[in-house]
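For reference, the chains in residue letters:
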Amino acid sequence: MGKKKELVWEATKSVAANGRLVLPRLTARYLRAGKKLLDAEPSPKDLHGFHLKTERFRDILELFQPCYGASLEPQLEALRSIQEYLGAINDSGTTQRLVLGNRRPRTGRLAPLAKFLDARVAENTAHLLGDLRANLHGDGRKAWRVGYRTAPRATAAKKQRTRSRKAPADSHQDLTGA
């Protein structure tokens, strides 16, 4: 297995500029992980790993939200939904392991619980996979790329700085009658 290429943070650049460099690569990694999950029959271990990736990716996007404003909200909402399904699947799996261990009773006292938990895992997995297809592929995939290249708040701040620099010169010209 190859070593992951580390993302570089350039200390001389602004947070927004670093976001434009880092977020597209992080997004591409996340989308590849989602595609890999969809292309296979995901095991509980695969789902748990993707849950952790989703949580980390969402945390990173939330850190950059002050730079991007509301433009990241659709992606964050998609990640919240994916996390909900992954969390419900994990909770059901954990309950199965705690209560049932390795047994899968078809009869007896625990059979209704086993059946319920299996159905819950299957239902949430189906919803998760549908959500992943909708949010990470086709038109949903394209939406992830929009907005990372220019941070709206950084662009607005840059325009404001440009206006501020011009203001004193313009004021001076007005005072001299030029």
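Residues numbered from 1 in each chain as written. Predicted model: local features only at pLDDT ≥ 70, side-chain atom pairs only at ≥ 80, totals over all residues. Heavy atoms only, no water.

Visitor: Give me the overall build of the protein: which residues, what numbers.
Guide: Across its full length, the protein holds 6 helices and 0 strands. Secondary structure of the protein in N-to-C order comes out as α-α-α-α-α-α. Long-range pairs, those at least 24 residues apart, make up 67% of the contacts in the protein with a sequence separation of at least 6. In the structure as shown, the protein presents an accessible area of about 11,800 Å², 56% of it carried by carbon and sulfur atoms. (Helix = DSSP H or I, 4+ residues; strand = E, 2+ residues; numbered from the N terminus. Contact = heavy atoms within 4.5 Å. Areas by Shrake-Rupley, 256 points an atom, 1.4 Å probe, with all protein chains shown as cover.)

Visitor: How would you explain the confidence of the model for the protein if you had to name every residue and give the values?
Guide: The predicted model of the protein averages 79 in pLDDT, with 78% of residues at 70 or higher. Confidence over residues 167-178 falls short of pLDDT 50; this stretch has 1 contact with residues more than four positions distant or in other chains. (pLDDT = per-residue confidence, 0-100.)

Visitor: Can you explain the nonpolar core? Please cite residues and give values.
Guide: Counting 28 residues, the largest nonpolar core has Phe50, Leu61, Leu132 and Trp144 as its most contacted members. Only helix H1 (15-39), helix H2 (44-68), helix H3 (73-100) and helix H4 (111-136) provide two or more residues apiece to this core. With 9 residues, the top contributor of residues to this core is H1. (Core = buried A, V, L, I, M, F, W, Y, C linked by side-chain atoms within 4.5 Å. Buried < 20%, exposed > 50% of the residue type's maximum accessible area, 1.4 Å probe, protein only.)

Visitor: Describe the environment of Asp59, listing the residues and the values that go with them.
Guide: Relative to the helices and strands, Asp59 is located in helix H2. Sequence separation between Asp59 and Leu76 is 17 residues, and the spatial gap between their C-alpha atoms is 9.2 Å.

Visitor: So what's going on with H3? Residues and values would help.
Guide: Over its 28 residues, H3 runs 40 Å from end to end, which matches the ideal 40 Å to within 8%, given 1.5 Å per residue. Where H3 ends, the next residue or the one after it, Gly101, has phi of about 65°, a positive value. (Expected span 1.5 Å × (residues − 1).)

Visitor: Explain the packing of aromatic side chains to me, and be specific about the residues and the numbers.
Guide: Tallied over the entire structure, the rule returns 3 aromatic pairs. Ring geometry for Trp9 and Phe64: centres 6.0 Å apart, planes at 45°, overall tilted. Of this pair, Trp9 sits in the segment before H1 while Phe64 sits in helix H2, and the two are 55 residues apart along the sequence. Residue classification places Trp9 among the partly exposed positions, given a relative accessible area of 46%. An aromatic cluster is present here, built from Tyr30, Phe50 and Phe57 joined pairwise through their rings. (Phe/Tyr/Trp six-rings, centres within 6.5 Å; stacked < 30°, edge-to-face > 60°.)

Visitor: An account of the layout of surface pockets is requested, with residue identities and associated values reported.
Guide: Of the volumes computed, that of the second largest pocket is approximately 350 Å³. For the second largest pocket, the lining is made up of 20 residues, of which Ser43, Pro44, Leu47, Ile89 and Val121 are closest to its centre. When residues of the lining of the second largest pocket are traced back to their parent elements, those giving at least two are H2, H3 and H4. Of all the elements, H3 adds the most residues to the lining of the second largest pocket, at 7 residues. (1 Å grid on protein atoms, 1.4 Å probe; cavity = no way out; pocket = protein on both sides within 12 Å on 5 of 7 lines; lining within 4 Å. Points joined across faces, edges and corners; volume = space filled by probe spheres on them.)

Visitor: Could you give an account of the packing of H3 against H4, naming the residues involved and the relevant values?
Guide: Between H3 and H4, whose axes approach to 9 Å, the crossing angle comes to 160°. Classified by the interaxial angle, the pair formed by H3 and H4 is roughly antiparallel. Remark: the crossing between H3 and H4 carries left-handed chirality. For the contact of H3 with H4, the class distribution of residues is 14 nonpolar, 9 polar and 3 charged. (Axes fitted to C-alpha atoms, helices over the stretch in contact; angles between N-to-C directions. Parallel < 35°, antiparallel > 145°, perpendicular 65-115°, else oblique. Left-handed = near helix turned anticlockwise from the far one by under 90°. Nonpolar A, V, L, I, M, F, W, Y, C, P; charged D, E, K, R; others polar.)

Visitor: Can you break down H1 residue by residue, with the values?
Guide: Between its first and last C-alpha atoms H1 spans 35 Å; for 25 residues at 1.5 Å apiece the expected length is 36 Å, and the two agree. Along H1, the sharpest kink reaches roughly 30°, centred on Val22 and followed within four residues by the proline Pro24. (Bend = angle between axes of the 7 residues up to and from the residue.)

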